[in-house]
Amino acid sequence: MSILVTGGAGYIGSHTCVKLIENGYDIVVVDDLSNSHIKAIERVKELAGKDFPFYEFDVCDGNKLDELFTKHDIGCVIHFAGFKAVGESVEKPLEYYSNNLKTTMTLCRVMKRHNVNKFIFSSSATVYKPGSQMPVSEDAELGCTNPYGWSKLICERILTDIAYADDTWSVVLLRYFNPIGAHESGKIGEDPAGIPNNLVPYITQTALGRLEKLSVFGNDYDTHDGTGVRDYIHVQDLAQGHVDAIRYADENKGAIAINLGTGIGYSVLDIVNAFEKVNGVKVPYVIAPRREGDVATVYANANKAKELLGWEAKKNLEDMCRDSWRWQKQNPKGYAGE
Ligand code: UFG
């Protein structure tokens, strides 16, 4: 039996593919490469030392998915494919809802037709209502501030209802906090299109000189140094969380939401300082106004992942800063190269 990985050429998907193969799983990957690069797939094969079937198509295409499920013996689906830019989702809500809901529902429909009933979903800490008590647990109140977040939350609801209606289903909703870092080899990593929205890719491109300086969005938050605090988690730890979630889904029915975070909050300036120290490089920055929609502090209560999955983040901030920089230095222009 194989694990179907949708969005396997993306940042979290590619790292998870390597981990799955290292853990003895056979994988089949589908990705339409709309926001990722074929090189990521080549590098995954190189790192894992193993070939696997790769299909380039949009997961909204039910006919192609149907063919894939007919051809391969799929036992479980990990669904990463989706639109993920918060700001863009505010401008293009219809595209976000159409794509993120349709991929999930099409997958479920085809899975039902082929009697596949294990689903690991790529969700986000963004589903927690702003203003929640920190550290935030899975039973906190839910609610979002942008269409991207709502699309994740609605998919969580759809999957939970499917698992309720059919008690053979196992659904694990993994709520990621802030993934950073890269594979220790520097061969795969985060490769955002255009100017990065997220903090760490912005830092690595600034350190490289591709961007002039980082804007630190606000230094008047109620945090230890006034800058925003988040729960940064190494992408390799996150990848391991998916392997552990498959084992859980093999043994348990129903739907469950699980945080994948470290439980530790670092501020923007903590990250900048650690990055400069660990890598011996400068990250020029200026203090800028707060970014709309940001909150002061978000970090996880990660107890449930430990109890149920036996999972715990192992990498620290130095590892994350070192690995992010290695990837960026080795791939200054990302997968596309020159
Ligand atoms: N920040 C800056 N300058 C930048 C970019 C970010 O100061 O150029 C700050 C932000 O204000 C925030 C922190 O760095 O305090 C982290 O920002 P990111 O954009 O890296 O991450 P977010 O926490 O805003 O968003 C992440 C994911 C989203 C997800 C969200 C929910 O990128 O997909 O977490 O928890 F929805």
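Residues numbered from 1 in each chain as written. Predicted model: local features only at pLDDT ≥ 70, side-chain atom pairs only at ≥ 80, totals over all residues. Heavy atoms only, no water.

Asks: Break down the environment of Arg 175 for me, with residues and values.
Replies: Of note, Arg 175 is situated in strand E6 (residues 170-176). In sequence terms Arg 175 and Asn 331 are 156 residues apart; their C-alpha atoms lie 29 Å from each other. Only 3.2 Å separates the side chain of Arg 175 from the backbone oxygen of Glu 138, close enough to count as a polar contact. Separated by 2.7 Å, the side chains of Arg 175 and Glu 156 make a polar contact. (Helix = DSSP H or I, 4+ residues; strand = E, 2+ residues; numbered from the N terminus. Polar contact = N/O pair within 3.5 Å; in protein donor to acceptor, adjacent residues only side chain to side chain.)

Asks: Any chance you could break down the site of the ligand for me, citing the residues and the numbers?
Replies: As a matter of local geometry, the ligand sits amid 18 residues, with Asn 198, Leu 199, Ser 215, Arg 230 and Asp 294 nearest to it. Between the ligand and the protein, one listed contact pairs a nitrogen atom with a backbone N or O atom of Ser 215 at 2.7 Å. Bound to the protein, the ligand loses 88% of the 690 Å² it would expose on its own. (Near = heavy atom within 4 Å. Areas by Shrake-Rupley, 256 points an atom, 1.4 Å probe, with all protein chains shown as cover.)

Asks: Which residues make up helix H1 (residues 11-22), and what values go with them?
Replies: End to end, H1 covers 17 Å across twelve residues, agreeing with the expected 16 Å (1.5 Å per residue, within 8%). Within the sequence span of H1, burial applies to Tyr 11, Ile 12, Gly 13, Ser 14, His 15, Thr 16, Cys 17, Val 18, Lys 19, Leu 20 and Ile 21. Once H1 ends, the next one or two residues include Gly 24, with phi positive near 90°. (Expected span 1.5 Å × (residues − 1). Buried < 20%, exposed > 50% of the residue type's maximum accessible area, 1.4 Å probe, protein only.)

Asks: Can you break down the packing of helix H7 (residues 199-208) against helix H9 (residues 268-279) residue by residue, with the values?
Replies: Packing of H7 against H9 brings their axes to within 11 Å, and their N-to-C directions diverge by 35°. Handedness of the crossing formed by H7 with H9: right-handed. Packed against H7, whose contacting residues are Leu 199, Val 200, Ile 203, Thr 204 and Ala 207, the element H9 presents Val 268, Ile 271, Val 272 and Phe 275 at the interface. Looking at side-chain class alone, the contact of H7 with H9 contains eight nonpolar, one polar and no charged residues. (Axes fitted to C-alpha atoms, helices over the stretch in contact; angles between N-to-C directions. Left-handed = near helix turned anticlockwise from the far one by under 90°. Contact = heavy atoms within 4.5 Å. Nonpolar A, V, L, I, M, F, W, Y, C, P; charged D, E, K, R; others polar.)

Asks: Summarise the sheet that holds E6; cite the residues concerned and give the values.
Replies: Ordered in space as E3-E2-E1-E4-E5-E6-E11, the seven strands form an open sheet in which the pairing is parallel. Unpaired on one side and paired on the other, strand E3 (54-55) and strand E11 (254-260) mark the two borders of the sheet. In this structure, strand E2 (residues 26-30) lies alongside E3, joined through two bridges in parallel fashion. What sits directly across from Val 30, in E3, is Tyr 55. Across the sheet, helix H5 (residues 93-113) is in contact with strand E1 (2-6), strand E4 (74-79) and strand E5 (118-124); its angle to E5 comes to roughly 170°. (Pairing = 2+ DSSP bridges.)

Asks: How would you summarise unusual backbone geometry if you had to cite specific residues and measurements?
Replies: A cis amide bond links Met 134 with the next residue in sequence, Pro 135, at an omega value of -5°. Summarising the element assignment, Pro 135 is placed in the loop between E5 and helix H6 (147-165). Of note, Leu 33 is a non-glycine position whose phi angle comes to about 60°, a positive value. Tracing the backbone shows Leu 33 in the loop between E2 and helix H2 (38-48).

Asks: With reference to specific residues and values, describe the layout of surface pockets.
Replies: Think of a ball as big as a water molecule: rolled over the atoms, this probe shows where empty space is left. By volume, the second largest pocket is sized at about 220 Å³. If you trace the second largest pocket, you find 17 residues lining it, with Gly 261, Thr 262, Gly 263, Ile 264 and Ala 313 closest to the centre. Sorting the residues of the lining of the second largest pocket by element identifies helix H10 (303-309) and helix H11 (317-330) as the ones contributing at least two each. Classifying every residue of the lining of the second largest pocket gives eight nonpolar, five polar and four charged. (1 Å grid on protein atoms, 1.4 Å probe; cavity = no way out; pocket = protein on both sides within 12 Å on 5 of 7 lines; lining within 4 Å. Points joined across faces, edges and corners; volume = space filled by probe spheres on them.)

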